[in-house]
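The primary structure of each chain is shown beneath.
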Amino acid sequence: MKLLLTGVAGQLGSAVVDLAPERGLDLAPVVRAHRPGRLPVDRVFPQLAGGIVTGDVRQPSWGLAEAALDELAATVDVVLNLAGDTDWAASARDLYATNVLGARHGLDVARELQRRSGRRLLYCHVSSFVVAGGALGSIAEVPLPPDRHRTQYEESKWVAERELAAAHRPGDPDVLIARVGALLGDSRTGRTAKRNSLYVLSDRWRDLPGRVLPAMPGARVDILPRDVAARGLLDALDGMVRAGPRAEPVIVHVTAGERAPTLRNLLETARSIAPGAFGEWVRLVPASAERILWLSGNAQRFLPLSKGWRNRVIGLRYIGLDRIWERGRLADLVAGPLPAADPEVLARLTFDLPAPRPPVAPGDPNLARFRP
Ligand SMILES: NC(=O)c1ccc[n+]([C@@H]2O[C@H](COP(=O)([O-])OP(=O)(O)OC[C@H]3O[C@@H](n4cnc5c(N)ncnc54)[C@H](OP(=O)(O)O)[C@@H]3O)[C@@H](O)[C@H]2O)c1
């Protein structure tokens, strides 16, 4: 299977690139020409060097040249949009250009490749669990209604989903909308492409004002290591290809779902792994959903917050609310197990805690039998 994909240098994209050889995937990455301050993608991933295409998701047809479209049409099976502006405090204009227009233009690219090739294509747009806005309880894998609690970032991801559903016509490429949960680094190496998402909170854990954290009792943190999420996403793509044509876009949650740890469980696990790593412990203070949502959505109107702190305050809603992202539709699509990770792995990755040291054999051979 050949994927034309954006966002390879990002957190999720890097994991897809890592998995490509074992999944037998051929990748054609779309990369911006101008990426100031970043290593060129062909230096980060030398294996992709021959297949890189220049483009920008904010441009119509992702800015792909005619000749590139002709060449890609012959071989591409799936268009996968992993590009996004993931700064929760970015301007509405920037969020719209990358997250909404990028999604729409991706469908146009898939349409164009399908037209030129005469083969049925699949378009997968990566959305986010945050489209839930302020919803609580079970979040279904269906289009979601308007919600006054959404932040501008959440709104951009939600509008993108709506626009894709509205733009989809009979005969168009099949569309998969994958709402991904919060991403951590690689489960084996801990490597991260960026310290975005919930790292914005955990990196400044020691600086949380007042050492208190408002959260609903039973609040859950839907996080996955990036490799686990990427595997779930690719399983869903395989499932879509197996299932054949779909009249409407399919929405799935590539999340930890019912396996997501509670916030309390995650924090207690972290503390039990490395009791000395945290200094003064952060206390969970029971708070209503309304308070958490209001605080995380409005604090910048009253407090002079830097961009970093705006991101952190917004992040409170992703760890403080009691809700579960359902995975029934994902289960219908994928043949194997659903994405999941051990809370200990999640706690280590979240707080960069050291990996467990293998037990050292005692020098005295008579005592060696007591080794664990
Ligand atoms: N990280 C999370 O916890 C999380 C959770 C749920 C959903 N998601 C979704 O998953 C997707 C990937 O997230 P991520 O965390 O991997 O993102 P990321 O680490 O911030 O990387 C974003 C990627 O998008 C590319 N990109 C941004 N603007 C672009 C443009 N105009 N044209 C082409 N490429 C562009 C970036 O390219 P450059 O290298 O050139 O900057 C980068 O490779 C996003 O849609 C995000 O909303 C992420």
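Residues numbered from 1 in each chain as written. Predicted model: local features only at pLDDT ≥ 70, side-chain atom pairs only at ≥ 80, totals over all residues. Heavy atoms only, no water.

A few words now on the site of the ligand. Near the ligand you find 28 residues, and of these Arg35, Arg38, Thr86, Lys157 and Ser197 are the closest. Here a nitrogen atom of the ligand and a side-chain polar atom of Asp56 are 2.8 Å apart. In isolation the ligand exposes 900 Å². Once the protein is present, 95% of that is buried. Secondary structure elements with two or more residues in the shell around the ligand: α1 (11–23), β5 (122–128), α5 (152–167) and β8 (182–184). (Near = heavy atom within 4 Å. Polar contact = N/O pair within 3.5 Å; in protein donor to acceptor, adjacent residues only side chain to side chain. Areas by Shrake-Rupley, 256 points an atom, 1.4 Å probe, with all protein chains shown as cover. Helix = DSSP H or I, 4+ residues; strand = E, 2+ residues; numbered from the N terminus.)

What follows concerns the packing of helix α9 (residues 289–302) against helix α10 (residues 307–319). Axes are the key here: two packed helices are described by the angle between their axes and the distance separating the axes. The N-to-C vectors of α9 and α10 enclose an angle of 165°; their axes lie 8 Å apart at closest approach. Comparing their axes, α10 and α9 come out roughly antiparallel. Once α9 is placed against α10, the crossing between them reads as left-handed. Taking contact as the criterion, the partners of Ile292, Leu293, Leu295, Ser296, Gly297, Ala299 and Gln300 in α9 are, on α10, Arg310, Val313, Ile314, Leu316 and Arg317. For the contact of α9 with α10, a count of residues per class yields 7 nonpolar, 3 polar and 2 charged. (Axes fitted to C-alpha atoms, helices over the stretch in contact; angles between N-to-C directions. Parallel < 35°, antiparallel > 145°, perpendicular 65-115°, else oblique. Left-handed = near helix turned anticlockwise from the far one by under 90°. Contact = heavy atoms within 4.5 Å. Nonpolar A, V, L, I, M, F, W, Y, C, P; charged D, E, K, R; others polar.)

Moving on to the UniProt feature "domain: Thioester reductase (TE)" (unreviewed entry) in the protein. Residues given the UniProt feature "domain: Thioester reductase (TE)" (unreviewed entry) here are residues 52–231. End C-alpha atoms of residues 52–231 are separated by 22 Å, and the span's content is 33% helix alongside 18% strand. (UniProt positions renumbered as here; feature names shortened; annotations may be inferred.)

Okay, the pattern of salt bridges next. Counting across every chain of the model gives 27 salt bridges. Arg104 is the salt-bridge partner of Glu163, the closest N and O atoms lying 3.4 Å from each other. With Glu163 in helix α5 and Arg104 in helix α4 (residues 92–117), this pair connects stretches of sequence that are 59 residues apart. Take Glu163: its relative accessible area is 22%, and that puts it in the partly exposed class. Asp352 is the partner of Arg195 in a salt bridge, and the nearest nitrogen-oxygen pair spans 2.9 Å. Placement of the pair is Arg195 in the loop between β8 and α6 (199–202) and Asp352 in the segment after α12 (343–351), with a sequence separation of 157 residues. Via salt bridges that share partners, Glu66, Asp70, Glu112, Arg115 and Arg116 belong to a single interconnected network. (Salt bridge = Lys/Arg side-chain N within 4 Å of Asp/Glu carboxyl O. Buried < 20%, exposed > 50% of the residue type's maximum accessible area, 1.4 Å probe, protein only.)

Turning next to the pairing of strand β1 (residues 2–6). A large share of β1 lies buried, amounting to 5 of its 5 residues. Residue alternation in β1 divides its side chains into two sets, Lys2, Leu4 and Thr6 and Leu3 and Leu5, and both sets are buried. Pairing of β1 with strand β2 (residues 26–31) involves 5 bridges; the strand directions are parallel. The residue of β2 that forms the bridge with Thr6 is Val30. After leaving β1, the chain enters α1 and then returns to the sheet as β2, a path that is right-handed. Bridging between β1 and strand β4 (residues 78–81) involves 4 bridges; their strand directions are parallel. Looking across to β4, one finds that Leu5 is bridged to Leu80. (Pairing = 2+ DSSP bridges. Right-handed = clockwise from strand over helix to strand, strands pointing away.)

Look at helix α7 (residues 226–243): 25 Å from first C-alpha to last across 18 residues, which is about the 26 Å you get at 1.5 Å a residue. When α7 is considered as a whole, its buried residues turn out to be Arg226, Asp227, Val228, Ala229, Ala230, Gly232, Leu233, Leu234, Ala236, Leu237, Gly239 and Met240. One or two positions beyond α7, positive phi appears at Gly244, with a value near 80°. (Expected span 1.5 Å × (residues − 1).)

This part takes up the side chain of Arg179. Looking at the element boundaries, Arg179 is found in strand β7 (residues 174–180). A relative accessible area of 0% places Arg179 in the buried class. A polar side-chain atom of Arg179 sits 2.9 Å from the main-chain carbonyl oxygen of Val142. Among the polar contacts listed, one links the side chain of Arg179 to the side chain of Glu161, at a separation of 2.8 Å.

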